[in-house]
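# Structural description and commentary
Listed here are the chains, written in short residue letters.
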Number of protein chains: 2
Amino acid sequence: MNRPQSIERMIDVIKKLPGVGPKMAERLSYHILKMTDNEINRLVDSILKARQTVKSCSVCYNLSERDPCPICADSAKERSIICVVETPQDLIAVSRVKDYKGLYFVLGGALSPLDAVGPDDIRIDKLIKRLKSDNISEVIIATDADSKGEMTAIYLAELIKKLDVKVTRLGYGLPVGGDIEYADEVTISRAIAGRKEM
Amino acid sequence: MNRPQSIERMIDVIKKLPGVGPKMAERLSYHILKMTDNEINRLVDSILKARQTVKSCSVCYNLSERDPCPICADSAKERSIICVVETPQDLIAVSRVKDYKGLYFVLGGALSPLDAVGPDDIRIDKLIKRLKSDNISEVIIATDADSKGEMTAIYLAELIKKLDVKVTRLGYGLPVGGDIEYADEVTISRAIAGRKEM
């Protein structure tokens, strides 16, 4: 027999979510059918509520319920340093580091010619505009350590240097707690290049 | 910085879905925030619609938009044979087998003393009642091939035999296309026990 159409449809829609395969979509759908009305309301409401209340900060493009976001509004921050990240999730990760006291800028992705993502598709213009208007002394580029992030970092560095602003990039090396035996060659080579005197 | 509360809440709710870990819940949540209103409506509507229209068939407890379900209502079925499965998903799997022309019964789970699932927690009473009222000549037990499914099969077989109804269980053996090298011992032992003359 075929599955009821409405279940088929729910599976189809859920299958399109990132990281959810057909089997997982099926499992989630049947689970959803068994949830209580209360549980379903909680699920649906939490989604709709988040979408309603969460906006992009007009300064740094972080996701926040307020504009400007709590970081941009925090007068204790060092306002002359900006850390540039790809996504709001990356911002959260960097902001867990207590030593960093500066501000942020969320690009909204990385350059990726293969996926047809060019400079106009991420917020490079907006970053440059902010660097020109605010009094920024250093930009720390914290894009991902993959080829897209690297390409984006190089592209940004070129532009930013022209504005006479210092540009730095997160250091590469062994992850703390990492086992050399399992580190890839490129990481080890970067760790050697970035070695420090003891 | 902390994540906005409404995103935190959405992650918490999504994290409770089966097979979704904290990282996956985070990824899904941020994806949902980036979806268009149209996509969100499609997602939410498909869930609410499925929950609204899908019911349990009052005969076999299959999920269906009609009651009785299309299988129970199909006069071409052989009505004296019932295949007992744990879940509606299992029913779909068995129903793809064209040679089986009989009816079904969905238990709604398997016995599992460790999870405190006893005979009263799955539809054993309802199955027995149906066997008593309908004219059933054979019950094929198609519970999972794990310990819970096996235990449930044994328990059911005892009860059904008392009603003078033939009880069979799906055969064990190598999965078709399976490589003996990678089959586990128990499966090979069952395959030997179930060997057929050529």
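In this text, all values refer to a predicted model and were calculated from it rather than measured experimentally.

### Section: the overall build of chain A
Per the secondary structure count, chain A includes eight helices and six strands. Secondary structure elements of chain A, listed N to C terminal, follow the sequence α-α-α-β-β-α-β-α-β-α-β-α-β-α. Viewed in the frame of its principal axes, chain A has a C-alpha envelope of about 65 × 45 × 35 Å. Residue burial in chain A is summarised as follows: out of 198 residues, 41% are buried. Partitioning the contacts of chain A with sequence separation of at least 6, the portion at a separation of at least 24 is 47%. Total accessible area computed for chain A in this model is approximately 11,800 Å², and 52% of it derives from carbon and sulfur atoms.

### Some words on the relation of the copies chain B and chain A
Mapping chain B onto chain A calls for a rotation angle of 180 degrees and an axial translation of 0.0 Å; the resulting RMSD is 0.0 Å. Viewed as a symmetry operation, the transformation between the two copies matches a two-fold axis. Among all C-alpha atoms of chain B, that of Val 44 of chain B lies closest to the rotation axis, at 3.4 Å.

### A look at helix H4 (residues 88–95) of chain B
Within H4 of chain B, six of the eight residues are buried, which leaves it mostly tucked inside the rest of the structure. When we look at burial in H4 of chain B, the residues that qualify are Pro 88, Asp 90, Leu 91, Ile 92, Val 94 and Ser 95 of chain B. Each element contacted by the buried residues of H4 of chain B is listed here: helix H2 (22–34) of chain A together with strand E2 (63–64), strand E3 (78–85) and strand E4 (102–106) of chain B.

### Observations concerning the domain arrangement of chain A
Here the domain parsing of chain A yields domain 1 (5–53) and domain 2 (56–197). A C-alpha centroid distance of 34 Å is found between domain 1 of chain A and domain 2 of chain A.

### Structural notes on the sheet that holds E3 of chain B
Remark on secondary structure: sheet strands pair via backbone hydrogen bonds, oriented parallel or antiparallel. All names here are of chain B. Reading across from one edge, E4-E3-E5-E6 is the order of the four strands in this open sheet, with parallel pairing throughout. Every interior strand has two partners, whereas the edge strands, E4 and strand E6 (166–169), have only one. Taken pair by pair, the neighbouring strands of this sheet meet at an average axis angle of 25 degrees, ignoring direction. The sheet contact formed by E3 and E4 spans five bridges and is parallel. When the bridges of E4 are listed, Val 85 appears paired with Val 106. Strands in contact with helix H5 (residues 124–133) are E3, E4 and strand E5 (138–141); relative to E4, the strand with the most contacts, it is inclined by about 150 degrees.

### Focus: the interface of chain B and chain A
The partner chain A presents 49 residues to the 49 residues of chain B that form the contact. Here chain B packs against chain A, burying approximately 4,300 Å² in sum over the two surfaces, 71% of which is carbon and sulfur. At the surface where chain B touches chain A, the tally comes to two salt bridges. Taking the shortest distance from any N to any O, the salt bridge between Arg 51 of chain B and Asp 37 of chain A comes out at 2.7 Å. The tally of links between chain B and chain A comes to ten residue pairs in polar contact (both at pLDDT 80 or more). For the side of chain B that touches chain A, the secondary-structure elements that each account for two or more residues are helix H1 (5–15), helix H2 (22–34), helix H3 (37–53), E2 and H4 of chain B. Along the lines of polarity and charge, the residues of the side of chain B that touches chain A split into 27 nonpolar, twelve polar and ten charged.

### Notes on unusual backbone geometry
Put simply, Asp 67 of chain A and Pro 68 of chain A share a cis peptide bond, and its omega is 0 degrees. Positive phi values are uncommon outside glycine, yet Ala 116 of chain B reaches one of about 60 degrees. If you trace the backbone, Ala 116 of chain B turns up in the loop between E4 and H5.

### Notes on the nonpolar core
Membership of the largest hydrophobic core comes to 44 residues, with the highest contact counts inside it found for Ile 14, Val 20 and Leu 33 of chain A together with Ile 14, Val 20 and Leu 33 of chain B. Elements with a minimum of two residues in this core: helix H1 (5–15), H2 and helix H3 (37–53) of chain A together with H1, H2 and H3 of chain B. Excluding residues that lie within four positions of it along the chain, Val 20 of chain B makes contacts with Met 24 and Leu 28 of chain A together with Ile 14, Lys 15, Ala 25 and Leu 28 of chain B.

### Some remarks on the packing of aromatic side chains
Residues and elements named next belong to chain A. Counting across every chain of the model gives four aromatic pairs over all chains. Ring geometry for Tyr 61 and Phe 105: centres 5.7 Å apart, planes at 75 degrees, overall edge-to-face. Taken together, the residues span a long stretch of sequence, with Tyr 61 in the loop between strand E1 (55–56) and strand E2 (63–64) and Phe 105 in strand E4 (residues 102–106) at a distance of 44 residues. On the basis of relative accessibility, which here comes to 16%, the residue Tyr 61 falls in the buried class. The class for Phe 105 is buried, based on a relative accessible area of 0%. Between the aromatic rings of Tyr 100 and Tyr 104, the centroid separation amounts to 5.4 Å while the plane-to-plane angle is 75 degrees, which identifies the pairing as edge-to-face. Relative accessible area serves as the criterion here: at 1%, Tyr 104 is assigned to the buried category.

### A look at the sheet that holds strand E5 (residues 138–141) of chain A
Residues and elements named next belong to chain A. Taken together, four strands build an open sheet; the order of strands is E4-E3-E5-E6 and the sheet is parallel. Looking at the sheet topology across the chains shown, the edges are occupied by E4 and strand E6 (166–169). Geometrically, the sheet is characterised by an average inter-axis angle of 25 degrees between neighbouring strands, direction not taken into account. Sitting on the sheet, helix H5 (residues 88–95) touches strand E3 (78–85) and E4, and the angle it makes with E4 is about 160 degrees.

### A word on the pattern of salt bridges
Side-chain pairs of opposite charge can arise where the charged atoms are in close proximity. Summed over the entire model, instances satisfying the criterion amount to 18 salt bridges over all chains. Linking Glu 150 of chain A and Arg 169 of chain A is a salt bridge whose minimum nitrogen-to-oxygen distance equals 3.2 Å. You can see Glu 150 of chain A sitting in helix H7 (residues 147–162) and its partner Arg 169 of chain A sitting in strand E6, a full 19 residues away along the chain. The shortest N-O distance in the salt bridge between Asp 12 of chain B and Lys 15 of chain B comes to 3.2 Å. In this pair, Asp 12 of chain B and Lys 15 of chain B both sit in helix H1, three residues apart, roughly one turn of the helix. Residue class for Lys 15 of chain B comes out partly exposed when judged on its relative accessible area of 36%. Connected via shared salt-bridge partners are Arg 3, Glu 8, Lys 23 and Glu 26 of chain A.

How each quantity is defined
- Residues numbered from 1 in each chain as written.
- Chains lettered and ligands numbered in written order.
- Predicted model: local features only at pLDDT ≥ 70, side-chain atom pairs only at ≥ 80, totals over all residues.
- Heavy atoms only, no water.
- Helix = DSSP H or I, 4+ residues; strand = E, 2+ residues; numbered from the N terminus.
- Buried < 20%, exposed > 50% of the residue type's maximum accessible area, 1.4 Å probe, protein only.
- Contact = heavy atoms within 4.5 Å.
- Areas by Shrake-Rupley, 256 points an atom, 1.4 Å probe, with all protein chains shown as cover.
- Least-squares fit on C-alpha atoms with pLDDT ≥ 70 in both.
- Domains from an automatic or database assignment.
- Pairing = 2+ DSSP bridges.
- Axes fitted to C-alpha atoms, helices over the stretch in contact; angles between N-to-C directions.
- Buried area = accessible area lost by both parts, 1.4 Å probe.
- Salt bridge = Lys/Arg side-chain N within 4 Å of Asp/Glu carboxyl O.
- Polar contact = N/O pair within 3.5 Å; in protein donor to acceptor, adjacent residues only side chain to side chain.
- Nonpolar A, V, L, I, M, F, W, Y, C, P; charged D, E, K, R; others polar.
- Core = buried A, V, L, I, M, F, W, Y, C linked by side-chain atoms within 4.5 Å.
- Phe/Tyr/Trp six-rings, centres within 6.5 Å; stacked < 30°, edge-to-face > 60°.

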